[in-house]
Each structure stands twice: as structure tokens, then as C-alpha cells.
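These are the residues of each chain, in order.
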Amino acid sequence: MPRNAATSRRLKVGASRERIQILDAQAARRAKREKAEVKEKRLSTPERISGYTDAVFAVVITITVLELHPPASARIGALLSLWPTAVSYLVSYVFVAIVWINHHFLMGYVKQTTLRVIWLNFTHLFFVSLLPFATAWIAATELARAPVVVYTGFFVVTDGAYNLFEREVLRNSSDFSSTELRASRRRSLTALALFAAAALVALIQPTAGMGFAALALLLHLRPDAARNARLILRRQGKTLG
């Protein structure tokens, strides 16, 4: 009996040591995984995307304003001949401002960046970077048909790329209910449809096409992300400046 008891104790001790080793191994793997996740978060954060995006928008605005050349004449009336440049710059500036504002509030819902989010953002920025070229073209040709069609076409692809980016961010956010998400998607798709209509109208009447593009911009003046952020802060007893 004593021998059996000793054997039993040894078996229990061995089993305990084995369980401890298993638990230690699991803890080590968990720590390694958490360390890798922390490193990934440190390497790729929403702040880095926002910082890079801000720099791109700043460059786009700078390049666009460099296309504003003063008239050769010293008369005030000479400024009237610059109306195509003024119109193209104003619409482009408002477009860039609205896109940046929407992007700014949307990034507030990005908790962890993914490769898909990064590439969708780069795709969106690619089309934004082409805006100075299109702006200069419609100004130089005084809002001719083909340049305005290309210009409004850039609005379509830029807004389309932003729609994909927005959809990816919001569908992974717990701050938007399914009803709010559907309402946001309807408004975004309506604006995209208006941009597409502007490109089609520009084939017939370039000036009317520019008007349709301006109308579509109105739908993005107040982002759904900003409105939802205000509601969240209100529920928390805070205010949004």
C-alpha cells in the first residue's frame, strides 16, 4: 500500500508538472501573439494614414493654387477674363475641402488599420491627386466640353473610391447601427449618381454639368460620420466643437 501511495503521488506530481508546462507554453504563445499585435498596431495606425492623407491634400491645394496666374493688364476689368480659372478653382477647392472633412471624421471610426483600408485610401488619394490637372485643363479651355467631361468624370471616380473606403470603415464600426449605415449609404450613392449625371450632362452642356457637380457637393457638406459623432458625444454628456 505505501508503495502504491508513493507511486500515485509521483503520478500526480508528474501530471501537475505536465499541466504547468502546457500552461506555460500557452502563456508564452499568447504573449508572443500579443507582442506581434502590438508591433503591428505600432507600425500601422490610423494616425499614420491621416497624417499621410493630410499631406497629400495640402500638396493638391498648393498645386491647384499655383495655376492662378494674374492678368497681364493692370486694369481691374482684366480680372473678368479669368472667370474660367476662378470657377474651376472655386469648385475644385470646395471639392477638396469637402473630401478632406468627410475623410477626417470617417477616420475617427478606424480603430485598427488593415491592408484593405490602406489600399482603398491610396486608391482614393490617387484620384484626388489628379484634380489639379483637370482643374488647369478646364480653366485653360474656358470650360470646353471634353475637359469638363473629364473633370466631372474625375469627380465620379474620386467619389466612387471614397464610397468604397467609407463602406469598409463603417461596416467594421460598432458606432453605426444598421439603420444609420443604410441611410449613410443611400446619401453617398445619391451623391455618386449626381456626379455621374453631371458627367453625362457635360457631354451636352458643360456649364450645366458643372452645376450638377456643385449640387452633388452639397450632399457631402455635413458628413454622416460627423453627425453620428455628435450624437454619440451628446449621449455621453459632451459636446463636439
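Residues numbered from 1 in each chain as written. Predicted model: local features only at pLDDT ≥ 70, side-chain atom pairs only at ≥ 80, totals over all residues. Heavy atoms only, no water.

(A) Structural context of the packing of aromatic side chains. In total, this model carries 9 aromatic pairs according to the counting rule given. Taking 4.0 Å as the distance between ring centres and 10 degrees as the angle between the ring planes, the aromatic pair formed by Phe-95 and Phe-155 counts as stacked. Taken together, the positions of Phe-95 in helix H3 (residues 83-106) and Phe-155 in helix H6 (residues 145-171) put the pair 60 residues apart, joining distant regions of the chain. Owing to a relative accessible area of 4%, Phe-95 belongs among the buried residues under this scheme. Given a relative accessible area of 0%, Phe-155 falls into the buried group. With 6.1 Å between their ring centres and 50 degrees between their planes, Trp-119 and Phe-122 make a pair best called tilted. Here the residue Trp-119 and the residue Phe-122 both occupy positions in helix H4 (residues 115-129), the gap between them amounting to 3 residues, near one helical turn. On the basis of relative accessibility, which here comes to 56%, the residue Trp-119 falls in the exposed class. Three or more aromatic residues link up through ring pairs in this structure, and these residues are Phe-95, Tyr-151, Phe-155 and Phe-195. (Phe/Tyr/Trp six-rings, centres within 6.5 Å; stacked < 30°, edge-to-face > 60°. Helix = DSSP H or I, 4+ residues; strand = E, 2+ residues; numbered from the N terminus. Buried < 20%, exposed > 50% of the residue type's maximum accessible area, 1.4 Å probe, protein only.)

(B) Just the packing of H3 against helix H5 (residues 131-140), in detail. Look at H3 against H5: their axes get within 8 Å of each other, and the N-to-C directions meet at 155 degrees. Regarding the angle of H3 to H5, the classification is roughly antiparallel. Seen from above, H3 lies across H5 with right-handed handedness. In contact with Pro-84, Thr-85, Ser-88, Tyr-89, Ser-92, Phe-95 and Val-96 of H3, H5 contributes Leu-131, Thr-135, Ile-138 and Ala-139. In the contact of H3 with H5, the residues fall into 7 nonpolar, 4 polar and no charged. (Axes fitted to C-alpha atoms, helices over the stretch in contact; angles between N-to-C directions. Parallel < 35°, antiparallel > 145°, perpendicular 65-115°, else oblique. Left-handed = near helix turned anticlockwise from the far one by under 90°. Contact = heavy atoms within 4.5 Å. Nonpolar A, V, L, I, M, F, W, Y, C, P; charged D, E, K, R; others polar.)

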